[in-house]
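Fold and contact review
Each chain is listed here by its residues.
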Amino acid sequence: AGVICQPVAQSAEIFDPLAGTFSPTGGDPVVSLWGHAQARLPGGRVLLAGGEPTCGLGSSAGTRAAQIYDPATGLFLAVGDMMEVHGLGLAATALGDGRVLLTGGVADSGPVAGGEVFDPDSGLFGGLATMSSPRAFHAQVGLHDGTVLVAGGEESAFGVTASADIYSSP
């Protein structure tokens, strides 16, 4: 029997923690994604990038798609695609200058060794960097000095890595 999967919903909701309820946003996402990374941008907007545009792991090989959610309008805005495919298991960390570092994830050939930076002012990705090991489902955290620690994760379908990298913004 084949894998049964449902299409990814092209809708979004906002959770109100005080009321304990969900309500629809003012508009639908530009592109449907699941397993994507997200990071808060200056002004409260949120970057959503990568992941899978289809219904199941193995049914596609990740995506370069990205978009911004603006809570002031409730709308999603298109931005430029990422330079590389970053599927499930990618990580995103907001940098002190408002940009966002995205690393790893699964592409058609396995975990990704690349990382790139999103600039919310231009709406574009750039600054391609290579990690010491391909990674997916890894840990990533901004440090007090403005660098980002990227550590662990899956380096292949058969194993994990104990290596770590420090990203330093140019």
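About the cut-offs
- Residues numbered from 1 in each chain as written.
- Predicted model: local features only at pLDDT ≥ 70, side-chain atom pairs only at ≥ 80, totals over all residues.
- Heavy atoms only, no water.
- Pairing = 2+ DSSP bridges.
- Helix = DSSP H or I, 4+ residues; strand = E, 2+ residues; numbered from the N terminus.
- Salt bridge = Lys/Arg side-chain N within 4 Å of Asp/Glu carboxyl O.
- Buried < 20%, exposed > 50% of the residue type's maximum accessible area, 1.4 Å probe, protein only.
- Phe/Tyr/Trp six-rings, centres within 6.5 Å; stacked < 30°, edge-to-face > 60°.
- Polar contact = N/O pair within 3.5 Å; in protein donor to acceptor, adjacent residues only side chain to side chain.
- Contact = heavy atoms within 4.5 Å.

This part takes up the pairing of strand β11 (residues 124-135). Relative to β11, strand β10 (residues 110-119) runs antiparallel, the two sharing six bridges. Considered in β11, the bridge of Val117 is made with Gly126. The turn linking β10 back onto β11 is made up of four residues, and Gly123 within it adopts a positive phi angle of 75°.

This brings us to the pattern of salt bridges. Inspection of every chain in the model, using the stated rule, returns two salt bridges. Among the ionic pairs, Asp97 bridges to Arg99, the shortest N-O distance being 2.7 Å. Residue Arg99 is classed as buried on the basis of its relative accessible area, which comes to 17%. Here Asp165 makes a salt bridge to Arg135, at a shortest N to O gap of 2.8 Å. Of this pair, Asp165 sits in strand β16 (residues 164-167) while Arg135 sits in strand β11, and the two are 30 residues apart along the sequence.

This paragraph deals with the packing of aromatic side chains. Here the structure, examined in full by the defined rule, presents three aromatic pairs. With a centroid separation of 4.9 Å and 50° between ring planes, the pair formed by Phe15 and Phe22 is classed as tilted. On the accessibility criterion, Phe15 (42% relative accessible area) is partly exposed. Geometrically, the ring pair formed by Phe118 and Phe125 is tilted, given 4.9 Å between the ring centres and 50° between the ring planes. With relative accessibility at 0%, the residue Phe118 sits in the buried group. Classification of Phe125 by relative accessible area gives buried; the value is 11%.

Before going further, it helps to spend a moment on the side chain of Thr147. Position of Thr147 relative to the elements: it lies in the loop between β12 (139-142) and β13 (148-151). Within polar-contact distance, the side chain of Thr147 engages the side chain of Asp145 at 2.6 Å. With residues up to four places along the chain from it excluded, the contact list for Thr147 reads Val141, Gly142, Ile166, Tyr167 and Ser168.

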